[in-house]
Amino acid sequence: MAKKKEHSEVLPKKEEIKEQIPKEPVKAYFSKERVLTESSDNARELYNQSRYGTLLEDGRVQLSLIEALYLIEKKRLVVHDSRDKVIDFDSFLKKARKTEANFWIRYSVYKDIRNRGYIIKTALKFGADFRIYDRGIKPGEDHAKWVVFPVHESSTLTWYEFAAKNRVAHSTKKRLLIGIVDTEMDVVYYEVKWLRP
């Protein structure tokens, strides 16, 4: 039997998240299914401080489309196309939605988790959408605490799909969160655990 918890108990909101915002947004380029930043101190700071993207050997940071959209929305990133034209939030969102299935649902969960002060990274190798690190923990310092599966409130899961998600979390020694996104793009989380009778 699965046990459900409301989001307020699982992922409490942080009163105020204080991140140092660089004076100038980081310049980046859109390249098919990823975004590459310039090689700069501000770009490396995005990675070092909050673990956005992957730091490359040449000093640039490779961002996922979801990370890039979030940073565009926060005015910490300016993305250019191959002709050096700036891609605004709406245009970037349109490109991302064509590239990734369920992009807006996944983005809604990503944004909500980041706004709560957690570091959230992809979890494809674990068979989940994202992994979430507890506050104050950065990837590499300790393991993620949760894996999360974003779903729209109107979508359905079979018991087999639900059990498979729970097995993924259990086998990776992480807690399972189901992030349910409603039509207003608000997110409610349910933490699911196996109980032994």
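The model shown is predicted, which means the values in this text are computed figures rather than measured ones. (Residues numbered from 1 in each chain as written. Predicted model: local features only at pLDDT ≥ 70, side-chain atom pairs only at ≥ 80, totals over all residues. Heavy atoms only, no water.)

Remarks on the overall build of the chain
Rule in force here: In DSSP terms, a helix is any run of H or I states spanning at least four residues, a strand is any run of E spanning at least two, and both are numbered starting from the N terminus. Relative accessibility thresholds used throughout: buried, under 20% of the residue-type maximum; exposed, over 50%; partly exposed, between the two (1.4 Å probe, protein chains only). We call two residues in contact whenever any of their non-hydrogen atoms come within 4.5 Å of each other. The accessible surface values rely on the Shrake-Rupley method and a 1.4 Å probe; as for residues, cover is taken only from the protein chains in view.
On a plain count of helices and strands, the chain comes out with six helices and 11 strands. By residue count, 43% of the 197 residues in the chain fall in the buried class. In the chain, of all internal contacts separated by at least 6 residues, the share reaching a separation of at least 24 is 56%. Summing over all exposed atoms, the chain offers an accessible surface of approximately 11800 Å²; the carbon and sulfur share of this is 48%.

Focus on helix H4 (residues 89–99)
For clarity, the threshold we go by: Here the arc refers to the directions that run from the helix axis out to each C-beta atom.
Among all positions of H4, only Phe92, Leu93 and Ala96 are buried. Viewed along the axis of H4, the buried residues span an arc of 100°, placing them on a single side of the element. Exposed residues lying more than 90 degrees from the buried face of H4 are Asp90, Lys94 and Lys98. Where H4 is buried, its residues meet strand S1 (26–31), strand S2 (34–37), helix H3 (65–73), strand S5 (77–80), strand S6 (86–87) and helix H5 (103–115).

A short note on the packing of aromatic side chains
Inclusion rule: Aromatic pairs are defined between Phe, Tyr and Trp rings, using the six-membered ring for Trp, whenever the two ring centres lie within 6.5 Å; interplanar angles under 30 degrees are classed as stacked, those over 60 as edge-to-face, and all others as tilted. To sit over a ring, a charge needs its Lys NZ or Arg CZ within 6 Å of the ring centre and within 35 degrees of the ring normal.
Applying the stated criterion across every chain, the model contains eight aromatic pairs. Ring geometry for Phe103 against Tyr107: centres 6.2 Å apart, planes inclined by 5°, an arrangement best described as stacked. Taken as a pair, Phe103 and Tyr107 lie in helix H5 at a separation of four residues, close to a single helical turn. Residue classification places Phe103 among the buried positions, given a relative accessible area of 2%. The class for Tyr107 is buried, based on a relative accessible area of 1%. One aromatic cluster in this structure is built from Tyr52, Tyr70, Tyr110 and Phe130. The ring of Phe30 has Lys95 lying over it, and the distance from NZ or CZ to the ring centre is 5.5 Å. Sitting over the ring of Tyr52, Arg114 keeps its end group 3.9 Å from the ring centre.

Side note on the sheet that holds strand S4 (residues 61–63)
Heads up, the rule is: Strand pairing requires that DSSP identify at least two bridges connecting the strands. Orientation is described by axes fitted as lines to C-alpha atoms, over the contacting stretch for helices, and by angles from 0 to 180 degrees between their N-to-C directions.
Within the open sheet, the six strands sit side by side as S3-S4-S2-S1-S5-S6. Their pairing is mixed. The open sheet has two free edges, formed respectively by strand S3 (54–55) and S6, since each of these has just one partner strand. The pairing of S2 with S4 spans two bridges and is classified as antiparallel. Bridged to Val35 within S4 is Leu63. On the sheet, H3 packs against S1, S2, S4 and S5 and is oriented at approximately 100° with respect to S4.

A few points about the sheet that holds strand S8 (residues 130–133)
Judged by pairing direction, the sheet is mixed, and its five strands sit side by side in the order S7-S8-S9-S10-S11 without closing on themselves. The two strands at the open ends of the sheet, each matched to only one other strand, are strand S7 (119–122) and strand S11 (187–192). Taken over all neighbouring pairs, the strand axes of this sheet differ in orientation by 30° on average, direction set aside. Strand direction decides the pairing type here: strand S10 (residues 175–181) and S11, joined by six bridges, are antiparallel.

Some remarks on the layout of surface pockets
One simple way to see leftover space: roll a probe sized like a water molecule over the atoms. Note the following rule: Only protein atoms enter the calculation, which uses a 1 Å grid: trapped sets of points that fit a 1.4 Å probe without letting it out are cavities, open sets showing protein on both sides within 12 Å along at least five of seven lines are pockets, and any residue with an atom within 4 Å of a point is a lining residue. Grid points are joined across faces, edges and corners, and a volume is the space filled by probe spheres set on the points. Note on residue classes: Ala, Val, Leu, Ile, Met, Phe, Trp, Tyr, Cys and Pro are nonpolar, Asp, Glu, Lys and Arg are charged, and everything else, Gly too, is polar.
Considered as a void within the structure, the largest pocket measures approximately 460 Å³ in volume. Around the largest pocket, the lining is made up of 21 residues, and of these Thr54, Ser64, Glu67, Lys121 and Thr122 lie nearest the centre. Of all the secondary-structure elements, those providing two or more residues to the lining of the largest pocket are S4, H3, H5, S7 and S8. Looking at the lining of the largest pocket residue by residue, the classes come out as eight nonpolar, five polar and eight charged.

Purely geometric numbers; function is a separate question.
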